[in-house]
Structure formats: C-alpha cells, structure tokens
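Per-entry structural report
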2 protein chains.
Amino acid sequence: MDYVKDGAEIYRRSFATIRAEADLGGLPDDVAGAVVRMIHACGMTDLPADVRFDPAVVAAGRATLRNGAPIITDAKMVASGVTRSRLPADNEVLCFLDDPRTPGLAAELGTTRSAAAVELWRDRLEGAVVAIGNAPTTLFHLLERLDAGWPRPAAILGLPVGFIGAAESKDELAANPRGVPFLTLLGRRGGSAMTVAAINAVADPKE
Amino acid sequence: MDYVKDGAEIYRRSFATIRAEADLGGLPDDVAGAVVRMIHACGMTDLPADVRFDPAVVAAGRATLRNGAPIITDAKMVASGVTRSRLPADNEVLCFLDDPRTPGLAAELGTTRSAAAVELWRDRLEGAVVAIGNAPTTLFHLLERLDAGWPRPAAILGLPVGFIGAAESKDELAANPRGVPFLTLLGRRGGSAMTVAAINAVADPKE
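About the cut-offs
Residues numbered from 1 in each chain as written. Chains lettered and ligands numbered in written order. Predicted model: local features only at pLDDT ≥ 70, side-chain atom pairs only at ≥ 80, totals over all residues. Heavy atoms only, no water. Helix = DSSP H or I, 4+ residues; strand = E, 2+ residues; numbered from the N terminus. Rg over C-alpha atoms; globule rule 2.2 N^0.38 Å. Contact = heavy atoms within 4.5 Å. Areas by Shrake-Rupley, 256 points an atom, 1.4 Å probe, with all protein chains shown as cover. Lys, Arg positive; Asp, Glu negative; His and termini not counted. Charge placed at Lys NZ, Arg CZ, Asp CG, Glu CD. Buried area = accessible area lost by both parts, 1.4 Å probe. Salt bridge = Lys/Arg side-chain N within 4 Å of Asp/Glu carboxyl O. Polar contact = N/O pair within 3.5 Å; in protein donor to acceptor, adjacent residues only side chain to side chain. 1 Å grid on protein atoms, 1.4 Å probe; cavity = no way out; pocket = protein on both sides within 12 Å on 5 of 7 lines; lining within 4 Å. Points joined across faces, edges and corners; volume = space filled by probe spheres on them. Nonpolar A, V, L, I, M, F, W, Y, C, P; charged D, E, K, R; others polar. Phe/Tyr/Trp six-rings, centres within 6.5 Å; stacked < 30°, edge-to-face > 60°. Buried < 20%, exposed > 50% of the residue type's maximum accessible area, 1.4 Å probe, protein only. UniProt positions renumbered as here; feature names shortened; annotations may be inferred. Arc of directions from axis to C-beta. Pairing = 2+ DSSP bridges. Right-handed = clockwise from strand over helix to strand, strands pointing away.

1. Things to note about the overall build of chain A
Of the regular secondary structure elements, chain A holds 10 helices and 6 strands. Computed over its C-alpha atoms, the radius of gyration of chain A comes to 17 Å, within 12% of the 17 Å expected for a compact globule of 207 residues. Seen through its principal axes, chain A has C-alpha atoms that stretch 55 × 35 × 30 Å. Long-range contacts, defined here as pairs at least 24 residues apart, represent 67% of the contacts in chain A between residues at least 6 apart. Surface summary for chain A: the accessible area is close to 7,800 Å², and the carbon and sulfur share equals 47%. Looking at charge distribution, chain A has the averaged site of its 22 positive side-chain charges lying 3 Å from that of its 26 negative ones.

This is how it looks when you write it as structure tokens:
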C-alpha cells in the first residue's frame, strides 16, 4: 500500500492542510496555533466558527506553566494524554476524579463525581491551567465556586462534550468567564482529545 | 445555575437524545449500541452515515473479551480511557508505543513509531480486539501484516483520525477487512475518545 510513513512529513502536511482549509482569520497567532492543534485532534476544519476565547488565554496559560503552575483536569484521559515533553517546568497534571474523597463529596453535594472533584481543586487552583474535557457539570461547578470567591486559575480551557449541559455550560463560560482568560468551543463538540491538543499548544508553541 | 446534577439522569437523557436524533436504521442492535456510545463521546449525531461495519463485529469482540483476550491499541490515551469495570475478564489493555524496542523498529522499517509498534503485537494478535484510535499508519501497517499472513484478531475497531492517511486507511479496511470483523468511520473523524467509547460498548452492552 502506498502511504506516507515519515512522521515529520505527516505532521507537516497535516498542519498545512488545516491551515489551507480552516478559516483562522481574526484569531491571534497563538490562539490560532491552539485551534489548529484542536482541529488536528478531531479531523474537523470547521471548529473556528464555534471557538470563543479571551485573546490573552494562550499567553496566560503558557506563562503560568513556565512558572511551574499545575494543570488541573476533570478527566483521566486528558491527564494521560498531555505530552510531558512539551511541559516547560515538568508541571504536575492533576485529576481528582479517583480521589477517595470524591464519591463522598458527590453524595454530600448531590452532584456528579466529576463536579464534586472540583472541591479538591481549591488549594491548587490559583494560577493553574484548568482543562475540562469531559463533564459539563465540572465546568458549571467551577463557575459556581468562582462566583463564591474562590482563587482564580490563570486560564480555563473549557471543552466539555455531549448532549446535556455541554452547550449550556460553555455558553455560560463565554458569556461570563469571571475574569479568567478562557478558550471554549460552543455547542456539543469537545472532549478529551481536543482538550489535550489545546493543553499541548498552550504548553509549547512548537507545531 | 440551573443544570442537571444527577449522573444517572444525565446519562439517561443523553442517550435518549442520541437515539431520538441519530439515524440508527439498518444497524444491528449491538452495533447501534456501539455507535450510540461513539456519538456520546463526540457530541455528533451524524456519525451513522459514515459508519461501516461487519454485522458480527460487536458479538465477535464481546465473545473474545469474555474468553480473556487482550485489547491492543495504538494510543496511550485509548489504553487509559478503557473503563476497567466494563471488562468481562479483567482483560489486558496493551499499547506498545512506549516500548523500548519501538524507536529502533521505526528506524529499521522506515515508518512511524505508531506503525512500528504493530511489530510487537504479533504474539498477542490472535483473537485480540484491536482498537486504533490515533494513527492511520498503524492501521495501514496492520493490514499489510495481515496480508503477509499474520494471525487474525477477533475484531478491528479502526478509528484513526486526521488529514493524512486517515480516510484512506479506513477506506482500505472497509473495502477489504482481510476476513476480520471490523467497525470504522469513513473520513477524517475518529480519535481516542470515540475509540474508547467503541471498546466500552463492545466490552459490555450496558448503556
């Protein structure tokens, strides 16, 4: 079979195809870099129309990672997917979904485990990069805690996926990001692969 | 904020929305179950038009997992995402991407690490469930090895994503699955989240 086997060439041609097809006009260069990687992770060049962002989001995320801040995520797949060699300060990647305290917190608060895990973010939240790639309830719960005065992360990559609450939680983030630089994708699309792509782009500008 | 916080209710409403919107006509029940979970993982109800499959694929994959067969995948995110509690026999989930032999094999064979890792699948391939959620070169390389007479897996979930080779590798699988029951999604879409969803559905019919 005839196909491209050179990994570097596959990357080069992939990103060239994305940049030729996707409408990246109006995106700052660093945000465009993140969106290109998100497109690469899902195969869909029509993402830009649904992307909403603070122009500072990538710079803010990159700066805080260089200063050693952790990445906090809702999903184990996201934590697993972050390319460690792109992280500028051997940054921690934290996910509290399987923390033994989470099920009890979920029962106590009457919410999902994914949302309850946010309770365990508080001590690490200030200046962190938050990456939500699965559960809308995580994003809703975080926004509620920010409304209650919790410490501010440096950036929110808000990319939950699905049919119940995903679009609504991302609408809420885009309408009122509580003073935190953010990147989101309106609608039902999102997910762990796209979220990892966004983190990897924030961590390191290398395409 | 007003949103659904009951995890079971979120699942129920999500799957009801998917079944109301997606055109699952013509899919056997067990394949439809896998496609519903794939839709759930990506937020897109238009997948069925691009799905190609052998009607035996889910039954074959489920039976071999019950018999203790391993899952072999190209991507660490896929390996990480498989819900262990759905596996019927505490099945192994194997990924050889980081095997120390892989870079040398890639150099020797003049291909990607993702494709070279397939060389290390051989001894575990017979009767396994193969799940490809990232690299088109993995799927191409596997098909070449099957042409060379390698042992047959019980099922191939072929869902690589991207712009260079993804559509072509899945066209090749659908056109000639080398006698192996398969499930694929034509075009550029695919990826680790969707692949995990397909594995989880094959492993356990529970919605």
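Okay, back to it.
2. Notes on the interface of chain B and chain A
Taken together, the contacts link 42 residues of chain B with 43 residues of chain A. Interface area for chain B against chain A, summed over the two sides, is near 3,300 Å², with a carbon-plus-sulfur share of 69%. Contact with chain A buries area across many residues of chain B, yet B:Met1, B:Phe163 and B:Ile164 alone supply 22% of it, more than any other trio. Inspection of the region where chain B meets chain A yields 2 salt bridges. Note that A:Glu21 and B:Arg188 form a salt bridge whose closest N and O atoms lie 2.7 Å from each other. The interface formed by chain B and chain A holds 6 residue pairs in polar contact (both at pLDDT 80 or more) in total. Residue assignment for the side of chain B that touches chain A shows that the elements contributing at least two residues are helix 1 (7-21), helix 2 (29-42), helix 4 (76-81), helix 8 (136-147) and helix 10 (192-203) of chain B. Counting residues per element, the side of chain B that touches chain A draws most heavily on helix 1 of chain B, which supplies 7 residues.

3. Quick notes on unusual backbone geometry
Residues and elements named next belong to chain B. At Asp90, a residue that is not glycine, the phi angle is positive and equals roughly 50°. Relative to the assigned elements, Asp90 resides in the loop between helix 4 and strand 3 (93-95). Despite not being glycine, Arg178 has its phi angle at roughly 55°, a positive value. Along the chain, Arg178 turns up in the loop between helix 9 (166-175) and strand 6 (182-185).

4. Topic: empty space enclosed by the protein
For the coordinates displayed, the defined rule picks out 1 cavity of 30 Å³ or more. Approximately 160 Å³ is the volume attributed to the largest cavity. Of all the elements in the fold, those that place two or more residues in the lining of the largest cavity are helix 2 (29-42) and helix 10 (192-203) of chain A together with helix 2 and helix 10 of chain B. For the lining of the largest cavity, the class distribution of residues is 10 nonpolar, 6 polar and 2 charged.

5. Regarding the packing of aromatic side chains
Residue and element names in this part refer to chain B. Across all of its chains, the model carries 4 aromatic pairs over all chains by this definition. Ring geometry for Tyr11 versus Phe15: centroids 5.8 Å apart, planes at 40°, classification tilted. Taken together, the residues span about one helical turn, with Tyr11 and Phe15 both in helix 1 at a distance of 4 residues. A relative accessible area of 41% means that Tyr11 is categorised as partly exposed. Overall, Phe15 belongs to the buried group, its relative accessible area being 4%.

6. Section: the UniProt feature "domain: Cobalamin biosynthesis precorrin-8X methylmutase CobH/CbiC" (unreviewed entry) in chain A
The sites that carry the UniProt feature "domain: Cobalamin biosynthesis precorrin-8X methylmutase CobH/CbiC" (unreviewed entry) are, in the present numbering, residues 9-203 of chain A. Secondary structure across residues 9-203 of chain A divides into 48% helix and 10% strand, with the first and last C-alpha atoms of the span separated by 23 Å.

7. Here's the deal with helix 5 (residues 102-109) of chain B
Every α-helical turn comprises 3.6 residues, leaving residues that sit three or four positions apart pointing alike. All names here are of chain B. Listing the buried residues of helix 5 in full gives Thr102, Leu105 and Ala106. Buried residues in helix 5, looked at end-on, bunch into an arc of 100°, giving them a common side. For helix 5, exposure combined with an orientation more than 90 degrees from the buried face picks out Ala107 and Glu108. On its buried face, helix 5 sits against helix 6 (113-116). Positioned one or two residues after helix 5, Gly110 has a phi angle of 65°, which is positive.

8. A few points about the pairing of strand 5 (residues 155-158) of chain A
Moving residue by residue along a regular strand, the side chains alternate between the two faces of the sheet. Residue and element names in this part refer to chain A. Burial along strand 5 is two-sided: the face carrying Ala155 and Leu157 and the face carrying Ile156 and Gly158 are both buried. Examined bridge by bridge, strand 4 (residues 129-132) and strand 5 share 4 bridges and lie parallel to one another. Note that in strand 5 the partner of Ile132 across the bridge is Gly158. Once you follow strand 4 into helix 8 (residues 136-147) and on to strand 5, the crossover reads as right-handed. Pairing of strand 5 with strand 6 (residues 182-185) involves 3 bridges; the strand directions are parallel. Looking across to strand 6, one finds that Ile156 is bridged to Phe182. What joins strand 5 to strand 6 is helix 9 (residues 166-175), and the crossover it makes is right-handed.

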